[in-house]
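Topology and contacts: notes
Residue strings, one per chain:
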Amino acid sequence: RCADDRRAAKAYLNAAQAQVSKYNYSRALSLVGQGLNLHSEKTVKEELMCCKAQILLEMGNNEQSVMIFKDALALCNEEPGQVRAMLGMVGGMRVLGQYQEGINVLAQAEKKALNKNLTKELARIYHMQGNLCFPLGKIEDVLKYHNLALQYAQQASSIELEANALGGLGDAYYVSGRMKTANEHFHQCVEISRQNGFSRIEAANLSMVGWSYFFLNKFESALEA
């Protein structure tokens, strides 16, 4: 920054992302704010805005997060960036209970991702579609979308997205009353997450291992989980 280098904004973005990986959100927010104050290329500014919006989402400032993701979407001309911003928007919409609005945004994102064959993004889109259909009681769609999420996660060779999809399938089978199958999927999800350090995914699904054991009348295993 002191040398007035045009790459300074990107350096702030990288530094902010490093702090996000350590869950130092306040520090990350400060860094991304400094990056946004610098002159930068349009793509870097869009990345900085998405990073700021994601940090705000993690900190629970959902409405502001959605607004900034929308601003980033308006700034971006390339489809991969547009899809990234749309996914971020829907993350906030889900927390705010805007389920149908989120589904509508994901339908637009799906078209763009299919157009560019963005397999990782498609895995995320379908995972979020399944999650949004869950509170709406669309159980068949929950199963359909999480199966698609698993399919694209495997195409993308992403272990993390595969673990996410397995957890989603566990939810689908759980709410359908298929406890044995749900338990198997939750187990796979947790095991993959544990082996690869995906602590958030493990934490989100480990309790469901316990609940599915409970409804299988395996109470000791349920308590252990």
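Scroll up for the structure.
Read on for an overview of the structure. All of these numbers come straight from a predicted model, not from anything done at the bench. (Residues numbered from 1 in each chain as written. Predicted model: local features only at pLDDT ≥ 70, side-chain atom pairs only at ≥ 80, totals over all residues. Heavy atoms only, no water.)

1. What to know about helix 8 (residues 139–155)
Our working definition: Numbered from the N terminus, helices here are DSSP runs of H or I no shorter than four residues, and strands are runs of E no shorter than two. The span one expects for a helix is its residue count, reduced by one, times 1.5 Å. Residues count as neighbours in contact if any of their non-hydrogen atoms are within 4.5 Å of one another.
Taking 1.5 Å as the rise per residue, helix 8 with 17 residues should run 24 Å; its terminal C-alpha atoms sit 25 Å apart, in good agreement. Residues of helix 8 that are buried sit in contact with helix 6 (99–116), helix 7 (119–133) and helix 9 (159–175). Where helix 8 ends, the next residue or the one after it, Ser 157, has phi of about 55 degrees, a positive value.

2. Concerning the packing of helix 8 against helix 9
For the record, the criterion: Working convention: axes come from line fits to C-alpha atoms, limited for helices to the stretch in contact. Angles between N-to-C directions cover 0 to 180 degrees. Orientation labels follow simple angle bins: below 35 degrees gives roughly parallel, above 145 gives roughly antiparallel, 65 to 115 gives roughly perpendicular, and whatever is left gives oblique. Left-handed describes a crossing whose near helix is turned anticlockwise from the far helix through less than a right angle; right-handed describes the clockwise counterpart. Side-chain classes are defined by residue name, with Ala, Val, Leu, Ile, Met, Phe, Trp, Tyr, Cys and Pro counting as nonpolar, Asp, Glu, Lys and Arg as charged, and the others, Gly among them, as polar.
The interhelical angle for the contact between helix 8 and helix 9, taken along N-to-C directions, is 160 degrees, at an axis separation of 8 Å. In terms of orientation, helix 8 and helix 9 fall into the roughly antiparallel class. Note on packing geometry: the crossing formed by helix 8 with helix 9 is left-handed. Note on element contacts: helix 9 touches helix 8 through Leu 161, Glu 162, Ala 165, Leu 166, Gly 168, Leu 169, Ala 172, Tyr 173 and Val 175, opposite Ile 139, Val 142, Leu 143, His 146, Asn 147, Ala 149, Leu 150, Ala 153 and Gln 154. Among the residues making up the contact of helix 8 with helix 9, the classes are represented as 13 nonpolar, four polar and one charged.

3. A closer look at the pattern of salt bridges
What counts is decided by this rule: Whenever Lys or Arg places a side-chain nitrogen within 4 Å of a carboxyl oxygen from Asp or Glu, that contact is recorded as a salt bridge. To sort residues, take the accessible area from a 1.4 Å probe on protein chains only and compare it with the maximum for the residue type: under 20% means buried, over 50% means exposed, and anything in between is partly exposed.
Across all of its chains, the model carries six salt bridges by this definition. The partner of Lys 10 in a salt bridge is Glu 47, with the nearest N and O atoms 3.5 Å apart. One end of the pair, Lys 10, is in helix 1 (residues 8–21); the other, Glu 47, is in helix 3 (residues 42–58), and 37 residues separate them in sequence. As a salt-bridge pair, Glu 202 and Arg 194 come within 2.9 Å of each other at their nearest N and O atoms. Looking at Arg 194, the relative accessible area reads 45%, which means it is partly exposed.

4. With respect to a nonpolar patch on the surface
To keep it simple, the criterion reads: Patch definition: residues with relative accessible area over 30% and no salt bridge; like charges joined within 9 Å; nonpolar side chains (Val, Leu, Ile, Met, Phe, Trp, Tyr) joined within 5 Å. To be clear on the numbers: accessible area is Shrake-Rupley with a 1.4 Å probe, and residue cover counts the displayed protein chains and nothing else.
On the surface, a nonpolar cluster with roughly 430 Å² of combined accessible area is contributed by Trp 211, Phe 214, Phe 215 and Phe 219. Examining the composition of the nonpolar patch, we find that three residues originate from one element, helix 11 (residues 199–215), more than from any other. With respect to the secondary-structure elements, Phe 215 resides in helix 11.

5. Let's talk about the layout of surface pockets
Going by this rule: Definitions used for this entry: grid spacing 1 Å over protein atoms alone; cavity, a set of points where a 1.4 Å probe fits but cannot get out; pocket, an open set with protein on both sides within 12 Å along at least 5 of 7 lines; lining residue, one with an atom within 4 Å of a point. Grid points are joined across faces, edges and corners, and a volume is the space filled by probe spheres set on the points.
In this structure, the largest pocket occupies an estimated 1800 Å³ of space. Along its surface, the largest pocket is lined by 41 residues, and Gln 54, Glu 58, Arg 124, Asn 164 and Arg 200 are the ones closest to its centre. By residue class, the composition of the lining of the largest pocket is 17 nonpolar, 14 polar and ten charged.

6. Some thoughts on unusual backbone geometry
Note on backbone geometry: most residues besides glycine have negative phi, and most peptide bonds are trans. In this structure, Tyr 23 is a non-glycine residue whose phi angle is positive, near 65 degrees. Locating Tyr 23 in the fold gives a position in the loop between helix 1 and helix 2 (25–36). Its identity is not glycine, yet Asn 217 carries a phi of approximately 65 degrees, on the positive side. Looking at the element boundaries, Asn 217 is found in the loop between helix 11 and helix 12 (219–224). Residue Asn 217 is classed as exposed on the basis of its relative accessible area, which comes to 57%.

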